[in-house]
Amino acid sequence: MKKSEWSDREIEELLRQMPKVKDHRNPIDMNQNFPFKKRNAFPWLVPSIATAAAVFLCIILGTKFIGGPTSQLFQEKSLNEKSLNQQITLKKENIQPKDQTFSGSDNREPLKSSIYENEVRKGKVITYWIPDEQAQNIIPISTIVHNIKNKSRLDVFNEKMAQLNENEWGLDDFYPINADFNFNEKSGTVDVNVPADHEYGKGSSNELMFINIIKKDISSNSNVKKARLFTDGKPGIEFGNTGIKNEIMIQPERHHAYLFYYPNRHESPYLVPSIEPFENIRDAFKAMKKDRNGLKKSMHLKIKENELSIRNKVLYLPVERDSKIKNDQLTVFSYEALLLTAKEFGMEKVVITDAPIKQIGPFDLTKENKVPIAPNMRNIE
Amino acid sequence: MDSVFDELYNKYHQDVFQFLFYMVRNREQAEDLVQEVYIRVFKSYDRFEGKSSEKTWLFSIARNVAIDYFRKQKGWKDKLMEKFDWSASQVKDSDPIPEEIAVQKEEIQWVYKSMEHCTMDQRAVITLRFIHDLSIAETAQTLGWTESKVKTTQHRSLKLIKRHMETFYVKEGSNSDEKVRVER
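Residues numbered from 1 in each chain as written. Chains lettered and ligands numbered in written order. Predicted model: local features only at pLDDT ≥ 70, side-chain atom pairs only at ≥ 80, totals over all residues. Heavy atoms only, no water.

K.L.:
Talk me through the packing of aromatic side chains; I want residue IDs and the actual numbers.
P.N.:
One pair of aromatic rings is described through two measures. These are the centre distance and the angle between the planes. All names here are of chain A. A full pass over the atoms with the stated rule returns 21 aromatic pairs over all chains. Plain terms: the ring middles of F174 and Y200 are 6.2 Å apart, the flat faces sit at 45° to each other, and that makes the pair tilted. Pair noted here: F174 is in the loop between α6 (153-160) and β3 (180-184) and Y200 is in the loop between β4 (189-194) and α7 (204-221), with a separation of 26 residues, a long-range link. Of the two residues examined, F174 and Y200, each falls in the buried class. On the numbers, 5.0 Å between centres and 65° between planes, the contact of Y335 with F363 is edge-to-face. One end of the pair, Y335, is in helix α9 (residues 329-344); the other, F363, is in strand β16 (residues 363-364), with 28 residues separating them in the sequence. You can call Y335 buried: its relative accessible area is 1%. Exposure remark for F363: the relative accessible area of 0% places this residue in the buried category. (Phe/Tyr/Trp six-rings, centres within 6.5 Å; stacked < 30°, edge-to-face > 60°. Helix = DSSP H or I, 4+ residues; strand = E, 2+ residues; numbered from the N terminus. Buried < 20%, exposed > 50% of the residue type's maximum accessible area, 1.4 Å probe, protein only.)

K.L.:
Before we move on, could you go through a nonpolar patch on the surface and cite the residues and values that matter?
P.N.:
Nonpolar side chains collect at one region of the surface, where A:F56, A:L57, A:I60 and A:L61 lie side by side and expose about 360 Å² of accessible area between them. Inspection of the secondary structure assignment puts A:L57 in helix α3 (residues 45-66). (Patch = residues over 30% accessible without salt bridge, like charges linked within 9 Å, V, L, I, M, F, W, Y side chains within 5 Å. Areas by Shrake-Rupley, 256 points an atom, 1.4 Å probe, with all protein chains shown as cover. Salt bridge = Lys/Arg side-chain N within 4 Å of Asp/Glu carboxyl O.)

K.L.:
Can you lay out the nonpolar core for me, pointing to particular residues and giving the numbers?
P.N.:
Generally speaking, a soluble globular protein has its nonpolar side chains buried in company with each other. All names here are of chain A. Counting 79 residues, the largest nonpolar core has I177, F210 and F285 as its most contacted members. Examining the composition of this core, we find that eight residues originate from one element, α9, more than from any other. Two domains each put at least three residues into this core: domain 2 (117-249) and domain 3 (258-370). Those residues in contact with F285 that sit more than four places away from it in its chain are M299, I303, E305, L308, L315, L317, L338 and T341. (Core = buried A, V, L, I, M, F, W, Y, C linked by side-chain atoms within 4.5 Å. Domains from an automatic or database assignment. Contact = heavy atoms within 4.5 Å.)

K.L.:
With reference to specific residues and values, describe the pairing of strand β1 (residues 124-131) of chain A.
P.N.:
Residue and element names in this part refer to chain A. The element β1 is extensively covered by neighbouring structure, given that seven of its eight residues are classed as buried. With eight bridges joining them, β1 and strand β2 (residues 138-145) adopt antiparallel strand pairing. For Y128, the partnering residue across the bridge sits in β2 and is I141. Taking the residues that link successive antiparallel strands as the turn, the β1-β2 hairpin has six residues, and the phi of A135 there is positive, at about 55°. (Pairing = 2+ DSSP bridges.)

K.L.:
Summarise the pattern of salt bridges; cite the residues concerned and give the values.
P.N.:
Residue and element names in this part refer to chain A. Applying the stated criterion to the full structure yields 27 salt bridges over all chains. A salt bridge links K151 to E159, with the shortest nitrogen-to-oxygen separation between them at 3.0 Å. Residue classification places K151 among the partly exposed residues on the basis of a relative accessible area of 33%. A salt bridge links D191 to R228, with the shortest nitrogen-to-oxygen separation between them at 3.0 Å. Taken together, the residues span a long stretch of sequence, with D191 in strand β4 and R228 in strand β5 (residues 226-231) at a distance of 37 residues. D191 sits in the buried class, given a relative accessible area of 13%.

K.L.:
So what about the sheet that holds strand β14 (residues 349-353) of chain A? Which residues, and what values?
P.N.:
Residues and elements named next belong to chain A. With mixed pairing, the four strands of this open sheet are ordered in space as β12-β13-β14-β17. Edge strands, defined here as strands with exactly one partner in the open sheet, are β12 (309-311) and β17 (369-370). Looking at chain direction, β12 and strand β13 (residues 314-318) are connected through three bridges and run antiparallel. By the bridge assignment, I310 is partnered in β13 with L315.

So this is what it looks like as structure tokens:
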């Protein structure tokens with residue numbers, strides 16, 4: 001029997017049920033594969049200058065030989081010209097790879113990892129704090145959400161937390177949090193309600209992680225100063241170690257130094273604030289030069305933190321004159337860690353003075369650069 | 001900073017990837033072609049005039065990239081000829097089914113297999129219309145066609161898929177006594 005069982009409408013319906021296929025590659029790794037991002041506007045310029053210089057040399061030396069009386073000299077001249085021509089060719093060959101190293105070996109343009117003001121437009125930036133696989137550090141992951149219409153930031157936060165790909169990012173599967181988050185306009189608090197069978201109270205690391213993440217999530221995404229805790233609608237959450245807690249005070253997170261955290265199986269580090277705060281920005285910069293509590297050193301620029309100055313929320317930071325700053329991915333991450341640390345101390349812009357290089361990745365070091373809105377941008381869809 | 005480019009990338013690259021996946025029917029190839037799409041976007045986004053939406057503009061570039069890919073394919077003429085030779089192609093089942101499709105119910109797998117028999121244009125229309133949920137007008141804008149051409153192509157594609165579904169039903173589904181119906 002050969003009979004169609006499907007109408008056009010049914011086929012349409014089946015087509016709509018086709019699976020959503022996603023590109024699972026890490027956006028940063030993917031971006032690095034783009035061979036073009038920063039193209040030299042005048043690729044012919046350096047070889048041309050080199051050729052012109054070589055021709056100029058040729059003329060100068062050539063004139064000297066032409067001035068000579070004997071044919072032997074003429075012979076020498078032609079020999080010299082020949083060798084000069086060879087030099088020119090060699091020079092040309094030498095110049096090209098040199099030019100390439102300026103924008104990074106193998107032509108890859110280093111990329112930034114944080115979110116900056118000009119990228120946000122009408123979207124909203126949401127930051128989720130996610131534990132690493134060893135539950136040692138909490139990593140801030142930020143995303144820009146577009147097309148929000150009339151939704152509040154908390155609505156978007158609730159909606160998107162089910163879509164986080166923690167495992168793919170080399171982090172611990174923590175979200176969605178088994179709790180409802182609601183903003184209580186009357187009390188000006190975020191009310192966190194867990195079900196009766198929640199497991200956040202079992203084990204000290206569980207409860208510490210839960211409380212810290214709630215604090216950091218609320219602090220990063222709102223100005224709310226207090227979270228009230230509920231279990232199944234009744235006040236308080238019982239934690240194994242600390243007993244019943246009814247509320248958590250939310251302090252703004254400030255004065256931390258940003259260091260690197262390398263997740264397993266990933267090459268790119270996350271920029272992560274130190275656990276402890278620092279008294280001043282100089283100490284924070286110093287702390288970035290060493291590994292600390294499972295985080296790796298993030299300062300790969302030879303900064304002179306003792307000579308820094310601050311004017312109108314702009315940080316002026318000199319670097320060693322003879323320091324060789326590379327235009328590579330590690331340096332870009334390091335510079336972003338510097339910007340984020342500066343932000344922790346209320347800075348809005350940073351100027352590197354005496355920079356021996358004009359550009360690192362997307363950052364123009366001849367100008368002041370704004371501090372990021374949030375670290376570690378990832379797409380959530 | 002190429003913030004506009006970055007935004008185009010962050011906002012749409014999953015859509016572009018999915019479109020290419022259903023066009024070329026191969027994850028690795030789609031990954032490579034996404035890169036090609038964004039190279040073209042990078043070369044031309046400063047000239048983008050905003051006459052169409054960013055999304056339809058990106059889809060139109062992705063479609064051109066997919067067409068170029070098929071042109072470069074060895075033996076593409078043979079593949080094209082098979083499209084016209086119904087008797088030769090109706091039992092063809094050459095490419096392995098991607099994992100994402102293989103885990104779906106049988107009818108979805110048949111739809112996917114049937115799409116292989118569509119022409120590039122037919123595949124583009126049904127992918128944009130039903131998988132990406134674009135309107136007739138948006139699809140027309142993406143393909144640079146009139147709306148009536150989109151409707152005609154859509155109609156023909158659905159007929160073609162239906163015909164192949166019948167064949168799959170006879171070939172693979174007739175062993176089962178259950179009547180094959182779409183879950184609504």
